[in-house]
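Each chain, written out:
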Amino acid sequence: MLMPFSPSLNTLTLTNITTHIILSNRNSSIFPKMLSSASPPPSLPLLPIQEHPLIPRLESCKSMDQLKQIHSHTIKTGFLANPIVQNRIISFCCTHENGDMNYAYQVFDEIPKPGNFVWNTMIKGYSRIDSHRNGILLYLDMLKSDVKPDNYTFPFLLKGFKRDVALEFGKELHCHAVKFGFESNLFVQNGLISMYSLCGEIYMARGIFDMCCKDDVVTWNVMFSGYNRVKQYDETKKLFSEMERKPVLPTSVTIVLVLSACSKLKDLEVGKRLHRYVTGSKIEPNLILENALIDMYAACGEMDVALDTFKIMKKRDVISWTTIVMGFANKGQVDLARDYFDQMPERDSVSWTAMIDGYLRVNRFKEALTLFREMQTLEIKPDEFTMVSILTACAHLGALELGEWIKTYIDKNKVKNDTFVGNALVDMYFKCGNVEKARRVFSEMPRIDKYSWTAMIVGLANNGHGEEALELFSRMLRASIMPDDVTYVGVLCACTHTGLVDEGRKFFASMTTQHGIEPNVAHYGCMVDLLGRAGHLKEALEVIKNMPMKPNSIVWGALLGACRVHRDAEMAELAAKQIIELDPDNGAVYVLLCNIYAACNRWDGLHQVRKLMSDRGIKKIPGCSLIEMNGAVNEFVAGDQSHPQTKEIYTKLDEMTSDLKLAGYFPDISEVFLDIAEEDKESTVYRHSEKLAMAFGLINSGPGVTIRIVKNLRMCVDCHRVAKLVSKLYDRQVIVRDKTRFHHFRWGSCSCNDYW
């Protein structure tokens, strides 16, 4: 026998709840006033209660208004005192969808000595309306009235518990069930398994399950549900295999629960085995079951089978359609997902969020924002998941204005502002270059987790606040929050962007010695970047050679980038050769190597690489810059003339160039690898996308407004110099997020200290 607690009646103290929760409605006007004083007329002839015409009327009652009329009539005719009438009135109030528990209690309160049936019915009624604390108080009154619980009391008490109630009262109710001898009652056992699962104490739930006879499929289903609730999907799958060996025949509920676990595990083999229960006519299909099948196949990437199942369904709902949309979106087939999304007869916030997430998955952020605006036009209320998705799109586009609007919307409309939303806000502010607001959101979050700390560390590092990032990491450790591999990527990036080589070496070593985290390829890439940027190219190469895993193109790319900074053409050739072998279509590598050759005046090498590019059909990735203005994201490519304000932009660019030259600027054409005339080289750097975006920003914003730009490639030397001068001459803060980091230009200097 499992007896984890002392079965003392006094353990259920419930001191934090007062009886007025139940009694507060005792004097409600909905109760007939004659109840307390009326008595049956003595001369009125009484029929046997079973034959009285009021009984069928009570059984066919449809609403509280009808019930009140019948109730009043029973009082007038003297039949209210009969237990059958009282039971039927209370039963309607407690179990009917139109029932009223306040009214039920007032009838109940006038019964001198209620029996078990009435007490249990009242407890069941409070469970039905999720008023479990009232049910527990009523149970205490029942004990005080010397009425002992029976087989129905504890199942009704435990049914439908929410997590907070389960945590507060569950164990004490378990004690009572043991004391009164109901620990072997199947329905009580099922209720206790569910209760412990809600509390997260799955081992206790399994302990009770193991004591059960296991002949009832409902018990298995409750245990499956418990494992799914705590995300132990492997245990659900193993338990199902045990159930098949028993054997106990599954129900449609069983199949749905185990399919859900297969979906999370992407276990196609077991999923197909479950499907055979349906196709073999052992289980009658229904909408919920068919939706679970579609979800399992979609999660496993089997969209052909998911679609076949979807097409033969006799009835579909919004979940069916959304699952198909999400399945195609997760496979990257976002246009096909959009086709089904547009065909949906009904769409809810989950459907819209699934489609928005599909666009995010393939980096089509502007389309995600367009879809969100359409959602707003149709007055579909977004939830916290939608907010996280839109904040992610804003972060990638650098759309701070829209991100700020989302923050206001969350506050104004009381959207659930949980840790996920808070983390997304922190990430958005950092990726838009607003460090101060990211700090503020983090400090105001009611609960922060490991991902909150990591977002702050990475964000501070990328925005040039490396030392603050490392201090925050120390605070994280003092708060006993265990870092993970992503946290350490942020820490090493902080060292990289601030040139803290010795500190980086120490942190890299402490990953394993202090926290047992084995460095992965990303950490080695950070170390190569750290050492390479600091000029330790040979040590960086040794790190690559001694890696326990094969270096990827990103690791070699870090070394190639360092060779560009320090103009080491020989090592650059070595790194580039490795990258081209790993990723022969990576156009950025060829261009970077050409830049290095151009900077080192190695024109023969440059021509060879250009010929190789031509032979292989490799094209240079065009530079692209985004800038948000008045809630709209504007996009520029190098030499762009498609923007509606092109004429004004180039006029402003000419004006900027004149102003900058008066301040001592001259174009840096060292990285222009084309063998063309000098004036053409100047023209090439003059039309870079960042400069077009800066000119656009100066035209369309007032004095003192920060200009924020997102660049798809690394900033070139010339654009970096121009941005510094623009920030000084026009008294503007210019923030540029390039492929590797942020550059905060203010008063003629950059936060990177020219270390990029």
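Since the model is a prediction, treat every value here as computed from it, not as a measurement.

Scanning the protein chain for helices and strands turns up 39 helices and 6 strands. In terms of overall size, the protein chain is more extended than a compact globule, its C-alpha atoms giving a radius of gyration of 35 Å where 756 residues would be expected to give roughly 27 Å. The C-alpha extent of the protein chain, read off along each of the three principal axes, is 120 × 55 × 55 Å. The proportion of buried residues among the 756 residues of the protein chain is 51%. Long-range contacts, defined here as pairs at least 24 residues apart, represent 65% of the contacts in the protein chain between residues at least 6 apart. Split by element, the accessible area of the protein chain, about 35,800 Å² in all, is 52% carbon and sulfur. Across the protein chain, 88 positive and 89 negative side-chain charges occur, with their mean positions spaced 2 Å apart.

With that out of the way, let us pick up the side chain of histidine 744. Among the secondary structure elements, histidine 744 is positioned in strand S5 (residues 742–746). The class for histidine 744 is buried, based on a relative accessible area of 10%. In this structure the side chain of histidine 744 is engaged in a polar contact, spanning 2.7 Å, whose partner is the side chain of asparagine 463. In contact with histidine 744, not counting residues within four places along its chain, are Gly433, Val435, Asn463, Gln733, Val734, Ile735, Ser749, Cys750 and Ser751.

The subject of this paragraph is the confidence of the model for the protein chain. Model confidence for the protein chain is summarised by a mean pLDDT of 85, while 90% of its residues fall at 70 or above. Here residues 673–682 scores under 50 on pLDDT; set against residues more than four positions off or in separate chains, the count is 20 contacts.

Glancing now at the packing of aromatic side chains. Across all of its chains, the model carries 18 aromatic pairs by this definition. Where phenylalanine 310 meets tryptophan 321, the ring centres are 5.0 Å apart and the plane angle is 85 degrees; that geometry is what we call edge-to-face. With phenylalanine 310 in helix H17 (residues 303–312) and tryptophan 321 in helix H18 (residues 318–330), this pair connects stretches of sequence that are 11 residues apart. What links up through ring pairs into an aromatic cluster is the set Tyr105, Phe108 and Trp119. Residue placement shows arginine 721 over the ring face of phenylalanine 666; its charged tip is 4.6 Å from the ring centre.

Rules used throughout
Residue indices follow the written sequence of each chain, beginning from 1 at its first position. For this predicted model, a pLDDT threshold of at least 70 governs which residues receive local features, and a threshold of 80 or more governs which side-chain atom pairs are given and counted, while totals over whole chains, interfaces and linings are taken from all residues. Hydrogen atoms and water are omitted, and side-chain values are computed over all heavy atoms in the structure. In DSSP terms, a helix is any run of H or I states spanning at least four residues, a strand is any run of E spanning at least two, and both are numbered starting from the N terminus. Atoms counted for the radius of gyration: C-alpha only. Globule rule: 2.2 Å times residue count to the power 0.38. Three exposure classes are used, based on accessible area relative to the maximum for each residue type with a 1.4 Å probe and protein chains only: buried under 20%, partly exposed in between, and exposed over 50%. Should any heavy atoms of two residues lie within 4.5 Å, those residues are considered in contact. Surface exposure here means Shrake-Rupley accessible area, sampled with a 1.4 Å probe, where a residue is shielded only by the protein chains that are shown. Positive charges come from Lys and Arg alone, negative charges from Asp and Glu alone, with His and the N- and C-terminal ends not counted. Think of each charge as sitting on NZ of Lys, CZ of Arg, CG of Asp or CD of Glu. Pairs of N or O atoms within 3.5 Å make up the polar contacts considered here, provided that, within protein, one atom can donate a hydrogen while the other can accept it, and that residues adjacent in sequence are counted only when both atoms are side-chain atoms. For every residue, the pLDDT score states the predictor's confidence, bounded by 0 at the bottom and 100 at the top. Stacked, tilted and edge-to-face pairs are distinguished by plane angle, under 30 degrees for stacked and over 60 for edge-to-face with tilted covering the rest, among Phe, Tyr and Trp rings (Trp via its six-membered ring) whose centres lie within 6.5 Å. For a ring to carry a charge above it, either NZ of a lysine or CZ of an arginine must fall within 6 Å of the ring centroid while also lying within 35 degrees of the normal to the ring plane.

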